[in-house]
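The residues making up each chain are set out below.
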Amino acid sequence: MNLLTTTELTQDGWELTRLEGGIPGIGTGHQLDVLFKNFNPNTGVEEYKAVEMKIWDSARSISGSTYDQFEAYITGGSPFEYYFSDHISDAMKGQFQNVFKDTTKASNLFALNPGFFMSHEIATPQMLVDLANQGQLINHPTFINFVH
């Protein structure tokens, strides 16, 4: 896993708000959920960013609670990032891309927060499916950059 320093995690004024899972280990399924908060002086609003750290032996499909969490992040509209063990990071990008190959899932996720996708220059659910089927979401300049 890419090691992150406290400075990297709190850059640009982000401060730790919540930590779930304690020290990653067997009891937490080798995952750590961290929530950061930042006050945006331009909007006068507090903003949140979620960081997921998964120390898994192998790539896994985006299903079950992992899918539910991903869906919640898209719905919420706040920034989010996933950090995986170095040896599976690229494979996990592929797993996220695979979610969008399913037309129903792509349409449902798009409907939850169209602005999220449009901010990544993805204008329709069909465009999302097409990019996924062509293998282009992984290399999209801004879309699957939430996976590290």
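Nothing here was measured: the structure is a model prediction, and the numbers come from that model.

*Asks:* Tell me about helix 4 (residues 103–112), residues and numbers included.
*Replies:* In an α-helix, one turn spans 3.6 residues, which is why side chains three or four residues apart end up on the same side. Taken residue by residue, helix 4 has Ala106, Leu109 and Phe110 as its buried positions. Each buried residue of helix 4 sits inside an arc of 100 degrees when the element is viewed along its axis, so together they form one side. Facing away from the buried surface of helix 4 by more than 90 degrees, the exposed residues are Thr104 and Ala111. If you follow the buried residues of helix 4, they end up packed against helix 2 (64–76), helix 3 (89–99), helix 5 (114–118) and helix 6 (125–133). Between a side-chain oxygen at the N-terminus of helix 4 and the backbone nitrogen of threonine 104 the separation is 2.9 Å; the capping residue is aspartate 102.

*Asks:* Tell me about the packing of aromatic side chains, and name the residues and values.
*Replies:* In the structure shown here, the tally under the stated rule is 21 aromatic pairs. With 5.1 Å between their ring centres and 85 degrees between their planes, phenylalanine 116 and phenylalanine 117 make a pair best called edge-to-face. Side by side, phenylalanine 116 and phenylalanine 117 carry an identical accessibility label, which is buried. These aromatic residues form a ring-pair network of at least three members: Phe70, Tyr73, Phe80, Tyr82, Phe84, Phe96, Phe100, Phe110, Phe116, Phe117, Phe143 and Phe146.

*Asks:* Tell me about helix 6, and name the residues and values.
*Replies:* By the burial criterion, the buried members of helix 6 are Leu128, Val129, Leu131 and Ala132. For helix 6, the buried positions fall inside an angular range of 165 degrees around the axis, keeping them on one side. On its buried face, helix 6 is in contact with helix 3, helix 4 and helix 5. Among the residues trailing helix 6, glycine 135 stands out with phi positive, at a value near 75 degrees.

*Asks:* Residues and numbers for the side chain of asparagine 113, please.
*Replies:* Here asparagine 113 lies in the loop between helix 4 and helix 5. When sequence neighbours within four positions are dropped, the list of residues in contact with asparagine 113 reads Ile74, Thr75 and Gly77.

*Asks:* Could you give me a rundown of the nonpolar core, with the residues and numbers involved?
*Replies:* Burial of nonpolar side chains together is a common tendency in soluble globular proteins. Counting 31 residues, the largest nonpolar core has Phe70, Phe80, Phe96, Phe100, Phe117, Leu137 and Phe143 as the members making the most contacts within it. When contributions to this core are tallied by element, the ones reaching two or more residues are helix 2, strand 4 (80–84), helix 3, helix 4, helix 5 and helix 6. In this structure, phenylalanine 70 is in contact with Phe80, Tyr82, Phe96, Phe100, Leu109 and Phe146, ignoring residues within four places of it in sequence. Formed by five residues, the second largest nonpolar core is a distinct cluster that contains Trp14, Phe36, Val51 and Met53.

Rules and cut-offs
Residues numbered from 1 in each chain as written. Predicted model: local features only at pLDDT ≥ 70, side-chain atom pairs only at ≥ 80, totals over all residues. Heavy atoms only, no water. Buried < 20%, exposed > 50% of the residue type's maximum accessible area, 1.4 Å probe, protein only. Helix = DSSP H or I, 4+ residues; strand = E, 2+ residues; numbered from the N terminus. Arc of directions from axis to C-beta. Contact = heavy atoms within 4.5 Å. Polar contact = N/O pair within 3.5 Å; in protein donor to acceptor, adjacent residues only side chain to side chain. Phe/Tyr/Trp six-rings, centres within 6.5 Å; stacked < 30°, edge-to-face > 60°. Core = buried A, V, L, I, M, F, W, Y, C linked by side-chain atoms within 4.5 Å.

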